[in-house]
Every structure is written in C-alpha cells, then in structure tokens.
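Working through the structure, step by step
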Amino acid sequence: MATTTGRAVNLDSEMRRVTLRAVAAVLFGAALPEADLRVVERELPPLLTHTAQRLRSVLD
C-alpha cells in the first residue's frame, strides 16, 4: 500500500502497531512508548509461535 505521498507502507505492521497501542491502553491504561512498541512487535511473534506449539503438544 502507498500513502498519498507515494511512500510505501507495510499495512500489516501498521495495523499491528495500532492494535498493540489499543491493547496497552485498554488493559493497562497506559500509552506504549515507541521504543517499547518496537520490542513488543519484535518479540510477540516468536512468543505466540511457541505458545501455539505448546498448546498443540498438550492437545495432541
């Protein structure tokens, strides 16, 4: 996707950031600083993958 200025935007990443900000605000009543947002965005996919693998191993 591109902005009106022609700059490419990773829509998946941007929507993830919006969601993370909303979750932080709703669950913790806090704004997520940009540096923390980058950490969560980087660490969340491996955490979710590991959690899904563990859950599958219990259910099998």
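Here is a short report on the structure shown in this document. Source: prediction; values computed, not measured. (Residues numbered from 1 in each chain as written. Predicted model: local features only at pLDDT ≥ 70, side-chain atom pairs only at ≥ 80, totals over all residues. Heavy atoms only, no water.)

**Concerning the packing of helix α1 (residues 11–28) against helix α2 (residues 34–59)**
Inclusion rule: Convention adopted: a line fitted to C-alpha atoms gives each axis, helices being fitted over their contacting stretch, and angles between N-to-C directions are expressed from 0 to 180 degrees. Put simply, DSSP marks the helices as runs of H or I at least four residues long and the strands as runs of E at least two long, and each gets a number from the N terminus on. Any angle between 65 and 115 degrees counts as roughly perpendicular, while under 35 counts as roughly parallel, over 145 as roughly antiparallel, and the rest as oblique. Should the near helix be turned anticlockwise from the far one by less than a right angle, the crossing is left-handed, and should it be turned clockwise, the crossing is right-handed. By definition in these notes, contact holds between two residues if any of their heavy atoms fall within 4.5 Å. Following the grouping adopted for this structure description, the nonpolar residues are Ala, Val, Leu, Ile, Met, Phe, Trp, Tyr, Cys and Pro, the charged ones are Asp, Glu, Lys and Arg, and the polar ones are all others, Gly among them.
It is at 11 Å that the axes of α1 and α2 come closest, and there the two elements cross at 115 degrees. When the axis of α1 is compared with that of α2, the two are roughly perpendicular. Classified by chirality, the crossing of α2 by α1 is right-handed. In this structure, α1 uses S13, R16, R17, L20 and R21 to contact α2, whose residues at the interface are E34, L37, R38, V40, E41 and L44. Counted by class, the contact of α1 with α2 contains four nonpolar, one polar and six charged residues.

**Regarding the pattern of salt bridges**
As a reminder, the rule being used: Salt bridge, as used here: a side-chain nitrogen of Lys or Arg that lies within 4 Å of a carboxyl oxygen of Asp or Glu. For every residue, the accessible area obtained with a 1.4 Å probe (protein chains only) is divided by the maximum for its type, and the residue is called buried under 20%, exposed over 50%, and partly exposed between those limits.
Counted by the stated rule, this structure contains seven salt bridges. The partner of D12 in a salt bridge is R16, and the shortest N-O contact between them spans 2.5 Å. Taken together, the positions of D12 and R16, both in helix α1 and four residues apart, correspond to about one turn of that helix. Salt-bridge contacts for E41 lead to R16; the nearest nitrogen and oxygen are separated by 3.4 Å. Note that E41 is positioned in helix α2 and R16 in helix α1, a separation of 25 residues in sequence. Judged by its relative accessible area of 14%, E41 falls in the buried class. Taken together, the shared-partner salt bridges connect D12, R16, R17, R21, E34, R38 and E41 into one network.

Functional significance is not addressed by these values, which are geometric in nature.
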